[in-house]
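Chain and residue survey
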Amino acid sequence: QVQLVESGGGLVQIGGSLRLSCAASGRSFGDYVMAWFRQSPGKTREFVAAVSRSGGNIYHADSVKGRFTISRDNAKNTVYLQMNSLKFEDTAVYYCAADRTTSWSRITSTSPYDYWGQGTQVTVSS
């Protein structure tokens, strides 16, 4: 069992930056692949980024590549999403997710993830 709590969302102007955090409780945080997904009204949940168990491998969706960076600090049981050059279309609820067993090739799908946070709202406006 692991509990995930996101924080750091809010209102930001186009072109601005935010850093989201996801704090995990429970044991063996380093055994989990961690990911960020987002969902806006009328759309399905969309993959944003994932980081491997040790933090050595990362993958970002094309829509955010070059602007967002996922990272993790296993000593702090925390995963981050640094978001720069924010666009209006980045507006969504952002969810943190954790999975213990999935292969790296499945990381963009929602189905392998065992645990989800409650979400944090990111709103980008002018």
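The shown structure was predicted, so the numbers you read here are calculated from the model rather than taken from an experiment. (Residues numbered from 1 in each chain as written. Predicted model: local features only at pLDDT ≥ 70, side-chain atom pairs only at ≥ 80, totals over all residues. Heavy atoms only, no water.)

**Let's talk about the overall build of the protein**
Counting secondary structure elements, the protein contains zero helices and eleven strands. Taken from N to C terminus, the helices and strands of the protein fall in the order β-β-β-β-β-β-β-β-β-β-β. The dimensions of the protein, computed from C-alpha atoms along their principal axes, are 40 × 25 × 25 Å. Per-residue burial over the protein gives 45% buried out of 126 residues. (Helix = DSSP H or I, 4+ residues; strand = E, 2+ residues; numbered from the N terminus. Buried < 20%, exposed > 50% of the residue type's maximum accessible area, 1.4 Å probe, protein only.)

**Section: the nonpolar core**
For soluble globular proteins, nonpolar side chains are generally found buried alongside one another. Membership of the largest hydrophobic core comes to 36 residues, with the highest contact counts inside it found for M34, W36, L81, M83 and Y94. Listing elements by their share of this core, those giving two or more residues are β3 (18–25), β4 (33–39), β5 (46–51), β7 (68–73), β8 (78–83), β9 (92–99) and β11 (120–125). (Core = buried A, V, L, I, M, F, W, Y, C linked by side-chain atoms within 4.5 Å.)

**Re the packing of aromatic side chains**
Tallied over the entire structure, the rule returns six aromatic pairs. Measuring from ring centre to ring centre gives 6.1 Å for Y32 and Y115, while their planes differ by 65 degrees; the resulting arrangement is edge-to-face. You can see Y32 sitting in the loop between β3 and β4 and its partner Y115 sitting in strand β10 (residues 115–116), a full 83 residues away along the chain. A centroid spacing of 5.2 Å and a plane angle of 55 degrees characterise the contact between F37 and W116, whose relative ring orientation is tilted. (Phe/Tyr/Trp six-rings, centres within 6.5 Å; stacked < 30°, edge-to-face > 60°.)

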